[in-house]
Amino acid sequence: GLGWGPVQTSSVMGANAVLLFLLMMLVMFLSIKKVNDTLLVMFGNFIWMVGGLLMYLLWTYEAKVWHFVLPVSLSVSGFPFIASSNRSNYTKAVKSKPELESAQSMMQAIMSMGASVGGFIAPSFVATFVMRSPAEVDQSIDKRELNPIALYVPLSAAFAILGLWYESLAATRREKMKKEIAAQIASEDTSLLPQTRRP
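Presented here is a report on the structure given in the accompanying data block.

Next up on the list: the overall build of the chain. Secondary structure summary: the chain contains six helices and zero strands in total. The order of helices and strands in the chain, counted from the N terminus, is α-α-α-α-α-α. Computed over the C-alpha atoms, the radius of gyration of the chain is 24 Å, more than 25% above the 16 Å expected from 2.2 N^0.38 for a compact globule of 199 residues. Principal-axis analysis of the C-alpha atoms places the extent of the chain at approximately 95 × 35 × 30 Å. Burial status across the chain gives 25% buried among its 199 residues. Of the contacts formed within the chain by residues at least 6 apart in sequence, a portion of 66% connects residues at least 24 apart. Surface exposure of the chain reaches about 13,900 Å², of which carbon and sulfur atoms provide 69%. With 17 positive and 13 negative side-chain charges, the chain shows a spacing of 10 Å between the two charge centroids.

Take a nonpolar patch on the surface next. There is a patch of nonpolar side chains on the surface, built from Val-18, Phe-21, Leu-22, Met-24, Met-25, Met-28 and Phe-79 and spanning about 680 Å² of accessible area. Of all the elements, helix α1 (residues 6–32) adds the most residues to the nonpolar patch, at six residues. Judged by relative accessible area, which is 34%, Met-24 ranks as partly exposed.

Listed in full, the nine residues of the largest apolar core are Met-55, Tyr-56, Trp-59, Ala-63, Phe-68, Val-72, Val-130, Leu-146 and Ala-150. Elements represented by at least two residues in this core include exactly α2 (37–58) and α3 (65–95). Excluding its chain neighbours within four sequence positions, the residues that come into contact with Trp-59 are Leu-54, His-67, Phe-68, Pro-71, Val-72, Lys-143, Arg-144, Glu-145 and Leu-146.

This brings us to the layout of surface pockets. Taken as a whole, the second largest pocket encloses approximately 580 Å³ of empty space. Breaking the lining of the second largest pocket down by element, the ones donating at least two residues are α2, α3 and α6 (152–192). By residue number, the principal contributor to the lining of the second largest pocket is α6, which donates eight residues. Split by residue class, the lining of the second largest pocket holds four nonpolar, seven polar and seven charged.

How each quantity is defined
Residues numbered from 1 in each chain as written. Predicted model: local features only at pLDDT ≥ 70, side-chain atom pairs only at ≥ 80, totals over all residues. Heavy atoms only, no water. Helix = DSSP H or I, 4+ residues; strand = E, 2+ residues; numbered from the N terminus. Rg over C-alpha atoms; globule rule 2.2 N^0.38 Å. Buried < 20%, exposed > 50% of the residue type's maximum accessible area, 1.4 Å probe, protein only. Contact = heavy atoms within 4.5 Å. Areas by Shrake-Rupley, 256 points an atom, 1.4 Å probe, with all protein chains shown as cover. Lys, Arg positive; Asp, Glu negative; His and termini not counted. Charge placed at Lys NZ, Arg CZ, Asp CG, Glu CD. Patch = residues over 30% accessible without salt bridge, like charges linked within 9 Å, V, L, I, M, F, W, Y side chains within 5 Å. Salt bridge = Lys/Arg side-chain N within 4 Å of Asp/Glu carboxyl O. Core = buried A, V, L, I, M, F, W, Y, C linked by side-chain atoms within 4.5 Å. 1 Å grid on protein atoms, 1.4 Å probe; cavity = no way out; pocket = protein on both sides within 12 Å on 5 of 7 lines; lining within 4 Å. Points joined across faces, edges and corners; volume = space filled by probe spheres on them. Nonpolar A, V, L, I, M, F, W, Y, C, P; charged D, E, K, R; others polar.

This is the structure we're talking about:
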């Protein structure tokens, strides 16, 4: 480890808080410019995937300072792109189905509660199953601070990207089919109109 105290840790977390604020402003700007929400979520998950992978690879005993700081900053950077854009997608999906209109507020509450539960569970999960004790680090060959279970971060982000990509393709196909059906109906209606002959 780095042997850091509260001052050094607080300095890094404070810098990341500023970074988080600036990226939230950027996401707001991109949203105003009508950048696709799904694209923003995919980009955020990609950053999160890279950050999580670097945490596992770079967090080793007696590593350089930037080996610890860079993965944390990257992981933090993915959050603004995922959080607000994902909630926006969720709201659009619920509003697109009239049968869910009466349950919209309840479903939004469930989503918020789910995010809160993740915030409670993650620290205990990481401390129990992901982080290695000093003795385990000393006994290991690679001297990594995290065990392979830490790869759940990049893997879950990769699965999220694949799922969003598949959904995007499916939505494009559905939209194309709707246009083709609408064009076919319009063509049939036109063919049923009486043909007027010019004298």
